[in-house]
Every structure is written in C-alpha cells, then in structure tokens.
Amino acid sequence: MARLFLKLDNVVLREYAISDKPLTIGRLPENAVQVDNLSVSGHHARIVLENGQFVLYDQNSTNGTYVNGLKVSRAALQHGDTIHVGRHILAFENDPKAPKPKPKLGTLVVLSGKTDSPEYVLDQPQSIIGKADNATVHLQRWFAPKVATIITRRDDKYFISGSPSATPVRVNTEIVQHDRELMAGDTILVDEVSLIFNYQD
C-alpha cells in the first residue's frame, strides 16, 4: 500500500494512504493533505495514479515542489522518495513486498460519568453512544437519550456526529454541529459522560 508521511523537523505529523483517487496537497482545508503553512500554496501539488505508477504534479505553486531536492513540475514517484513543500517533507512509501499494516482501531476510555464499561474498542463501521439496546457505549443515566451521538469509521479514520437530542456533544469543549474527525487525545463530552479517544498501539 502506498503511503505518505507528513513531516516537519523530522517529526511525523500525519500519515496518509494513497489510492487510485487523485490526492491533493496544499494549504487550503479542502486538500486531502493540508499543509497549513504560508510557504505552501492553496493548491500546491497532486498525486495521481497513471498506468500503475504514482505521479506527482506541481500545481503552479508559488515556491515550487521538490523531489529528492530537485524542483519538478512532474515526477514519477519511487519508494523512498522525499517531497518538499515549503518547510514540510512528504515521505513516499510504496514497497510491494512490505506487509500491509493492520488498520488501527479507535478506542474510548471513560474519564467520568456512568457507562456499562470503562473502555471500548470501536471496531464497527458505526458505534452508537446512548441508551439504545444496540449502543456500543451504553449510557447509564436514567433519562439519557437512546442515541446521543454516533461515531463512524471511514478508511481508518473516525468521525463523530452532532447530537440528535437536545443535549449537545462537545469535543475539546467545542460543540459538534456536523461530522467532525476525531484525533488521538480528543476529549468527548456527551450527556454528562466524558471520554477520551485514542488508537490502539
């Protein structure tokens, strides 16, 4: 499986899987790989699959796109290549002999409040938090809503929805209005229960 590792000062910030769909890189949030730095153009570069080969295209960026230190407008990527956009590095990996990593599962640990378990593994496409019989996280408060919120798993990422009940769902004190991606270490407050989201090692 082809992957990109976004790095800054040799610290890995994010990992991205590359598929047969074009992958956009840039400063604006609509990019698949958002690099929030002024040295990066709004739409800086993109990676597309052409005849079984991943190819990088510069999108007329202001400061240019570099592969292994050379400025490029187009470059066929090889396993181990490094892509420079601004101060950030994107390390490209596509080793066909490497075993495919098992997807990491999300977990919830209860910090406070009454639930039926102190910890949960989010191994289903959807995990309900509420009082419903099929809830993954079963809330114990007598008047808790049947569905307080739903956590959806998509391509090894997890998204939490806004609450269908009158009580809002909060992530890191911010009210969730629409689907919001969960990051490791996020704190969720739902119906007087506080949980922390993370990934299994």
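Residues numbered from 1 in each chain as written. Predicted model: local features only at pLDDT ≥ 70, side-chain atom pairs only at ≥ 80, totals over all residues. Heavy atoms only, no water.

**Observations regarding the sheet that holds strand 4 (residues 33–34)**
For clarity, the cut-off: Strands are treated as partners if at least two bridges between them are detected by DSSP. Secondary structure is summarised from DSSP: a helix means a run of H or I of at least four residues, a strand means a run of E of at least two, and numbering begins at the N terminus for each.
Taken in spatial order, the 5 strands of this open sheet run 4-3-5-6-9, and their pairing is mixed. With one partner strand each, in any of the chains shown, strand 4 and strand 9 (74–76) form the two edges of the open sheet. Inspection of the sheet shows strand 3 (residues 23–26) paired to strand 4 by 2 bridges, in the parallel sense. By the bridge assignment for strand 4, I25 is matched with V33.

**Topic: the side chain of H44**
In plain terms, the rule: Pairing of N or O atoms within 3.5 Å defines a polar contact, subject to two protein rules: one partner must be a possible hydrogen donor and the other a possible acceptor, and residues neighboring in sequence count only if both atoms are side-chain atoms. Only heavy atoms matter for contacts: two residues are in contact if any of them lie within 4.5 Å across the pair.
Mapped onto the fold, H44 is located in the loop between strand 4 and strand 5 (45–50). Within the structure, the side chain of H44 is placed 3.3 Å from the side chain of T65, a separation counted as a polar contact. Beyond its immediate sequence surroundings of up to four residues, H44 is in contact with I25, G26, S39, Y57, D58, Q59, S61, G64, T65 and V85.

**Quick look at the sheet that holds strand 13 (residues 119–122)**
Strand order in the open sheet made by the 6 strands is 13-12-22-21-18-19, with antiparallel pairing throughout. Looking at strand neighbours, the two that pair on one side only are strand 13 and strand 19 (174–175), the edges of this open sheet. Summarising the sheet, strand 21 (residues 187–190) and strand 22 (residues 193–199) pair through 4 bridges and their orientation is antiparallel. Counterpart to T187 in the pairing with strand 22 is I196.

**Quick word on the pairing of strand 12 (residues 106–112)**
Looking along a regular strand, one sees the side chains alternate between the two faces of the sheet. Examined bridge by bridge, strand 12 and strand 13 share 4 bridges and lie antiparallel to one another. Bridged to V109 within strand 13 is E119. Hairpin connection, strand 12 to strand 13: the antiparallel pair is bridged by 6 residues, and G113 has positive phi, about 100°. Bridge analysis of strand 12 against strand 22 gives 6 bridges, and the strand direction is antiparallel. Following the sheet pairing, V110 is matched in strand 22 by L195.

**Notes on the environment of A148**
We apply this condition: A 1.4 Å probe rolled over the protein chains alone gives each residue an accessible area, and that area as a share of the maximum for its type sets the label: buried under 20%, exposed over 50%, partly exposed in between.
When you line up the elements, A148 lands in the loop between strand 15 (137–138) and strand 16 (149–154). Judged by relative accessible area, which is 1%, A148 ranks as buried. What A148 contacts, discounting residues up to four positions off in sequence, is I129, G130, L139, S163, P164, V169 and V190.

**Remarks on the layout of surface pockets**
As a reminder of what qualifies: A cavity here means a set of points on a 1 Å grid, drawn over the protein atoms and nothing else, where a 1.4 Å probe fits but cannot get out; a pocket is an open set with protein on both sides within 12 Å along at least five of seven lines, and a residue lines either one if it has an atom within 4 Å of a point. Grid points are joined across faces, edges and corners, and a volume is the space filled by probe spheres set on the points. Ten residues, namely Ala, Val, Leu, Ile, Met, Phe, Trp, Tyr, Cys and Pro, are considered nonpolar, four, namely Asp, Glu, Lys and Arg, are considered charged, and the remaining ones, Gly among them, are considered polar.
As a volume, the largest pocket reaches approximately 1,200 Å³. Lining the largest pocket are 29 residues, and of these E15, A17, D155, D156 and K157 sit closest to its centre. Elements supplying a minimum of two residues to the lining of the largest pocket: strand 2 (11–18) and strand 17 (157–160). Broken down by element, the lining of the largest pocket gets its largest block of residues, 7 residues, from strand 2. Looking at side-chain class alone, the lining of the largest pocket contains 16 nonpolar, 1 polar and 12 charged residues. What the second largest pocket holds in volume is close to 160 Å³. Looking at the lining of the second largest pocket, the elements that each hand over two or more residues are strand 2 and strand 4. Of the residues that constitute the lining of the second largest pocket, the class distribution is 5 nonpolar, 1 polar and 3 charged.

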